[in-house]
Amino acid sequence: MDALVSARNLTKLYGLVIGVNDVTLDIPKGVHGLLGPNGAGKSTLMKLITGQLVPTEGELQVLGERPWNNPSLFRRIGFCPEQDAFYSFLSALEFVTVLARMSGLSWSQAQGRAASALERVGATEFMNRKIATYSKGMRQRTKLAQALVHDPELLILDEPLSGLDPVGRREMTDLLNALAKEGKGILVSSHVLHEVQVVTKEFLLIYAGRVLASGNVHEIRALMNRHPHRITLRSPDGRHLAQQLVRDLPIAGIELDEEKGSFSVLTRDPAGFYDGLGRIVLESGLRVTEMVSEDDNLDAVFRYLVARD
Amino acid sequence: MPIFELGYRSWTGTLRPPAARVWAITKTGIALAFRSKILKRIVFMAWMPLLYFAPLFFGIGYVTDPTRDLEKRGFLVGIAQAFLGETISARLVTDPESVRPVAWSMAYHLYYSGFQAFFTMLVAAIVGPPLISQDVRTKAFLLYFSKPITRVEYLLGKSGTLFFYLFMITLFPGLVLYGISIALSPNLVAFTQTAPMIGKIVASSMIIAVPTTFVVLCFSSLTSDGRYALMGWFSLCLIGETTYHLFWRLLKIREPWVPLFSLRETMRIGIERVLNVQGQISVLGVGKDLQRQLESYSSTCPPELAFGYLAGLFLVGLIVLWHRISAPVRI
Amino acid sequence: MDAVALLQIRQFFGQKKIFLLVLFLAIPIGLSGLVRAFGDLQGDGLELGMTYFLFFLYSQCVVPLLALLYGTGILNSELEGKTLTYLTTRPIAKWKIVASKYAAISACLLGAVLLSLLVSWILLKASGGARLFLGLAASSIGATLVYTAVFAALGSFFQKRPMIIGIVIGVVEFAISFIPALARRMTVTHFLRSLALRIIRPPHLEEIQPLAELAELGPSIAVVAGVIVLALGVAAWVASTREYVMAEQV
C-alpha cells in the first residue's frame, strides 16, 4: 500500500513520560486530521514523522522512508511547526527565500518561489516588513508559506489555524482544500475539531499517546453502538409524535423539553430510525419542523471515546 | 435544610506590611537558585576553608597564650614564624598577646581576599544573571507589577536573594569562624581583644557583597538572556584580572588606578584597610621581613580611591538597574 | 550549506550580542592606548613585553570569551529560539548545519579580531615590526578557530550551563599551561603560545621562557589543527545523533 505514513508499534518515551504509546497505523494518501486534546501526543507524533525525534521502539516510515537522520526525505515534506518562532530580523520574503534555498532551490528560483508561496497564503502585503512587527496571523501565514515553498508531496501542519481570526481561518481552510485538490498529502493536527472537519472527514483520534480511532467520522460513529445516537426533533404536536416513535421504532430512550418545545430520542440504530421516521410522519400527518443529530460529529465521537466507564 | 453558600467570599483579613512582600520575592529567589546542584556544591566548598583556618586560629591562640611555656608551644612556634615572619614571631616571647590581633587580621585578610573572592565570583555568576533577565524573558514583570509591589520592593527582593548567597559564603562563615576561634582560644581575653573583629567581618563582607550584587543585577537587567549577563560578569572579572597582572607585573605600569582593573584587588585594598593589617604590623616594630610583609599588603592605589571606585560601581549599577526596572513594560 | 552560512552571518550582525563583540574588541584597543600613554615604549624589553601583553590579551582572554559566547550558541541559540526546527526539517544533514554555522561564525570573528589586533598594534607604535603582528595574528587565528570549535563541541554536549562549564575549563587549562611539566602539553594554550613565540622570537625571550620548553612550529600548527578537527567532529556527531527537544515537549 502507498501510505503517506506507516507506523508499527511506534512508541516514544521521554524518560518515564509516555509521548506515543504502541501506535500502529497507516495513513493513506489524502487529507487527514490528527486530533486530540493538549498533551495527547499529537506534537510528539508529528515530530517523529518529521524526523526530529527517534522512536524509542517500533518502526516508522514516511513516504516509504525512515525520517530519522534522513535529510533527503525533506525535499518531499513540508512542515509547519506549532511554535511561534522566527528569525525576527528577517522579513517574510527573506525568511521564506532562505528556507527555500535550504530546500535545494537555486538562488534565482528561491526568491520567486518564496514570493509565490507568500502570495498563496495571502502575505504579499506585508512580506517585505520585518517579522518582528507581525501580528500572530501574519506569522502563521509566513510559517505556512515556508512549508509550501518547495512544493512538497506531503504537508505536515501542526496547529495551522492557531492564532488566526475567523476570516483568516476561512482563508486558510480554503487554501488547505485547494492544496488537497492538487493531490498533496496533508496531515493537519488540531484540537479545534469543527474547523478541521471543514477540511477533511478522515481523522486520527489520539489520546494519552494512543490512537483511539481512525477513519471517516461517520463510520466511526456508526460503530459506536455502546453510545446511542441522540436526535432532537421539534414538532407542533411533539407528544403525539413521540408516542408513535416510541411504539414503532428502535428507540433506547426519550427526553422531552417542554420549554423548547422539542424532544430528543436515543437510538442505537440511526439508519433504522431515519427510515421509520419518514414513514410515520407521512402516515400520521404530524409535522416535524426541525431535526438535529447532536452527536454525529467529531466532538461527540471524541467525548465518547475518551470517557471513562 | 439550610443552603450553605460555597461560592467566592471576599477575604477580610489584614494585608501584611511591605517587608513581607520583599521577603516573599527574596525567599522565592533563594528557593529557585537552591535547585542548582552546582550552587550547592560551591556553597559547600566555600565553607571548606574553615577546615584550614580553624586550626590556624587554634594555633595562633596556642602560641599567643602567655600562660604557656614557650618551649611547650613547640612546633607551632615554627609554623607561626613561617606565617608571621621572624620579627613578629620574636614578639611571641616578649609580648605574645600583642601578636594575636595582627595574626587574626592577617588570617582574615587571606580568607576574604584569597579564597572567598574566588567563590564570590562563582556564586554571583550562578545566582545573579537570571534574577532579572528571566523576569524580562518570561514577562513575569507583568505578574509582579500587577500586584501591589513597588519597584523599590522588587529591587530589594531581588538583591536580597543575591545578598543571601553572598553572605552565605562571606559573612556567615566569617562569623562562624570567629566563634570557633574564640572557642578554641585559651581564655576570654581573646574575645575582649578581638571583639572589634566582628564589625570588621561585617564590613569586609559588605565590601564584597554590595558592589558585586549591584553590578551583577545591573548586567541581568540589561538583557533578557541570562547568558549575556553571565558573560558580562565573567568578562569583568577575567579581563580585569588579566589586565591588572599584565600592567602591574609585565609592563611595570604602577599608576594608582591600575589595581582598579581587578575587582578582586580593589576589594582586597578595601578589606585590608578595614582590617588595618599594615597599621597593626607597623606597630610591632621594624625589620626586613616586616618590610616584605608590608609590601605584600600595600598597593599604589590609595584605599580612598578603592572605596570610591567600589562606591561608584554600586551607584552606577543601582542607577542603571533602577532605570531598567522603571522603564515601561514592553510586551 | 551556503544558505545556512549566510543566515548565520545575518544572525551574527543582526543580534544584540554584536554589542558585546564590539565592546570586547574595543577593550584591548583602549588598554593599548593606556599603555601608550603610561608605559615605557622604548628599551630593550619592549618587544617581549608587547608580545606577551597582546598575546595574553587576545589569544588568552578576549578570543576565548568571544568563542565561548558564539561557539556554545551554535545550535543552542537555535534551540532556545525554537528556530532549530526550520533547519532540521530541511534536506540538510545536521553535521553540515554545524559545519556551516561554525565556518560563518569563525569567519566573522576572525575578521573582527584581526582588525582589533591591527589597531592595537598600531597604537603600540607597531612594536616588533611585521613579524610581531604576524605571530600574534597566527596565534589569534588559531585561538579563534580552536576555541570556537571546542566550545561548539561543549555546547552540543551540555545544553544547560555550557558557559559556566566552558569558563571553568578555560581557567583550568590556562593554569595548567604554566606548569613546567608534561601536563602543559595537554593544553591548547601551550601550543598557541609556542606558535606565537616561535614566529616572533622576541629578544630576551630565553630569560623568561626557555625555547626548549616551547613546542616546535610544525607540531604546534598540527596540534591546533587536530584539535579543531576533533572538536568539530564531536560537535557534528552529537548534533547528528541527538534529539533536540523543545521545552514544551517534556
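Residues numbered from 1 in each chain as written. Chains lettered and ligands numbered in written order. Predicted model: local features only at pLDDT ≥ 70, side-chain atom pairs only at ≥ 80, totals over all residues.

Some details on the overall build of chain C
Counting secondary structure elements, chain C contains 11 helices and 0 strands. Relative to its length of 250 residues, chain C is compact, with a C-alpha radius of gyration of 19 Å against a globular reference of 18 Å. Along the longest, intermediate and shortest principal axes, the C-alpha atoms of chain C span 65 × 40 × 30 Å. Residue burial in chain C is summarised as follows: out of 250 residues, 49% are buried. (Helix = DSSP H or I, 4+ residues; strand = E, 2+ residues; numbered from the N terminus. Rg over C-alpha atoms; globule rule 2.2 N^0.38 Å. Buried ≥ 20, exposed ≤ 12 C-beta atoms within 10 Å, placed from the backbone.)

A word on the sheet that holds strand S1 (residues 5-14) of chain A
Residue and element names in this part refer to chain A. One open sheet holds the 3 strands; their spatial order is S2-S1-S4, and the pairing between them is antiparallel. The open sheet is flanked by strand S2 (17-27) and strand S4 (57-62), the only strands paired with a single partner. Sheet twist, expressed as the mean angle between neighbouring strand axes with direction ignored, is 25°. Here S1 runs beside S4; their pairing, made up of 5 bridges, is antiparallel. Paired with Thr-11 across the two strands is Glu-57, which belongs to S4. (Pairing = 2+ DSSP bridges. Axes fitted to C-alpha atoms, helices over the stretch in contact; angles between N-to-C directions.)

Observations concerning the environment of Arg-324 of chain B
Residue and element names in this part refer to chain B. Looking at the secondary structure, you find Arg-324 in helix H17 (residues 303-326). Along the primary structure Arg-324 and Pro-256 are separated by 68 residues, whereas in three dimensions their C-alpha atoms are 33 Å apart. For Arg-324, the residues in contact, after removing those within four places along its chain, are Ser-221 and Leu-222. (Contact = placed C-beta atoms within 7 Å.)

Concerning the interface of chain B and chain C
With 17 residues of chain B at the interface, the matching set in chain C holds 19 residues. Only helix H6 (96-127) and helix H13 (226-250) of chain B provide two or more residues apiece to the side of chain B that touches chain C. When residues in the side of chain B that touches chain C are grouped by element, the largest group, 12 residues, is from H13 of chain B. Here the residues of the side of chain B that touches chain C sort into 12 nonpolar, 3 polar and 2 charged. (Nonpolar A, V, L, I, M, F, W, Y, C, P; charged D, E, K, R; others polar.)

Quick look at the sheet that holds strand S10 (residues 229-234) of chain A
Residue and element names in this part refer to chain A. Pairing is antiparallel in the open sheet, where 4 strands are placed in the order S11-S12-S10-S13. Where the open sheet ends on each side, the last strands, each with one partner, are strand S11 (253-257) and strand S13 (290-293). Strand-to-strand twist of the sheet, defined as the mean angle between neighbouring strand axes without regard to direction, takes the value 20°. Taken strand by strand, helix H8 (residues 238-248) contacts S11 and strand S12 (262-267), and its axis lies near 10° from that of S12.

Notes on the packing of helix H2 (residues 18-38) of chain C against helix H6 (residues 94-123) of chain C
Residues and elements named next belong to chain C. Axis separation between H2 and H6 bottoms out at 8 Å; the angle between their running directions is 10°. When the interaxial angle is binned, H2 and H6 end up roughly parallel. Seen from H2, the contacting residues are Leu-21, Leu-25, Pro-28, Ile-29, Ser-32, Gly-33 and Arg-36; seen from H6, they are Ala-112, Val-113, Ser-116, Val-119, Ser-120 and Leu-123. (Parallel < 35°, antiparallel > 145°, perpendicular 65-115°, else oblique.)

A short note on the interface of chain A and chain C
Between chain A and chain C, the residue contacts involve 27 residues of the former and 23 residues of the latter. Among the elements of the structure, helix H1 (42-49) and helix H2 (92-102) of chain A are those that each provide at least two residues to the side of chain A that touches chain C. Looking at which element gives the most residues to the side of chain A that touches chain C, the answer is H2 of chain A, with 4 residues. For the side of chain A that touches chain C, the class distribution of residues is 15 nonpolar, 10 polar and 2 charged.

So, the arrangement of the chains
Of all 2 pairs of chains that touch, the greatest number of contacts is found between chains A and C. These two, chain A and chain B, are apart from each other, with no contact and a minimum C-alpha gap of 12 Å.

Some thoughts on the pairing of strand S7 (residues 185-190) of chain A
Residue and element names in this part refer to chain A. By the criterion of burial, S7 is predominantly enclosed, with 6 of the 6 residues buried. Residue alternation in S7 divides its side chains into two sets, Gly-185, Leu-187 and Ser-189 and Ile-186, Val-188 and Ser-190, and both sets are buried. Judged from the 5 bridges that link them, strand S3 (residues 31-35) and S7 form a sheet pairing that is parallel. Each bridged residue has a counterpart across the sheet, and for Leu-35 the counterpart in S7 is Ser-190.

So, H8 of chain A
All names here are of chain A. Those residues of H8 lying buried are Gly-238, Leu-241, Ala-242 and Leu-245. Along the axis of H8, the buried positions cluster into a sector of 100°, meaning they face one direction only. Away from its buried face, by an angle of more than 90 degrees, H8 presents the exposed residues Arg-239, His-240, Gln-243 and Arg-247. The inward-facing, buried residues of H8 abut S11, S12 and helix H9 (270-284). (Arc of directions from axis to C-beta.)

What about the environment of Val-22 of chain C?
Position of Val-22 of chain C relative to the elements: it lies in helix H2. Taking the C-alpha atoms as reference points, Val-22 of chain C and Val-62 of chain C, 40 residues apart in sequence, are found 11 Å from one another.

A short note on the packing of helix H7 (residues 129-157) of chain C against helix H9 (residues 188-200) of chain C
All names here are of chain C. Look at H7 against H9: their axes get within 7 Å of each other, and the N-to-C directions meet at 160°. When the axis of H7 is compared with that of H9, the two are roughly antiparallel. Remark: the crossing between H7 and H9 carries right-handed chirality. When H7 is examined against H9, the residues Arg-131, Leu-132, Leu-134, Gly-135, Leu-136, Ala-138, Ser-139, Gly-142, Ala-143 and Val-146 are found in contact with a partner set consisting of Val-188, Leu-192, Leu-195, Ala-196, Ile-199 and Ile-200. Residues belonging to the contact of H7 with H9 are distributed by class as follows: 12 nonpolar, 3 polar and 1 charged. (Left-handed = near helix turned anticlockwise from the far one by under 90°.)

Quick notes on the environment of Thr-200 of chain A
Residue and element names in this part refer to chain A. With respect to the secondary-structure elements, Thr-200 resides in the loop between helix H6 (193-199) and strand S8 (202-207). Taking the C-alpha atoms as reference, Thr-200 lies 9.3 Å from Ala-180; in sequence the two are 20 residues apart. Ignoring any residue separated from it by four or fewer positions in sequence, one finds Thr-200 in contact with Val-31, His-32 and Gly-33.

Describing the domain arrangement of chain A
With domains assigned, chain A is organised as domain 1 (5-222) and domain 2 (224-306). Distance from the C-alpha centre of domain 1 of chain A to the C-alpha centre of domain 2 of chain A: 39 Å. (Domains from an automatic or database assignment.)

Re unusual backbone geometry
Phi is positive for Leu-63 of chain A, which is not a glycine, with a value near 50°. Locating Leu-63 of chain A in the fold gives a position in the loop between S4 and strand S5 (77-80). Classification of Leu-63 of chain A as partly exposed rests on a count of 17 C-beta atoms within 10 Å. One non-glycine residue, Lys-139 of chain B, lies in positive phi territory at about 60°. One can find Lys-139 of chain B in the loop between helix H7 (129-137) and helix H8 (140-144). Taking the C-beta count within 10 Å as the criterion, Lys-139 of chain B has 12 such neighbours and is therefore assigned exposed.

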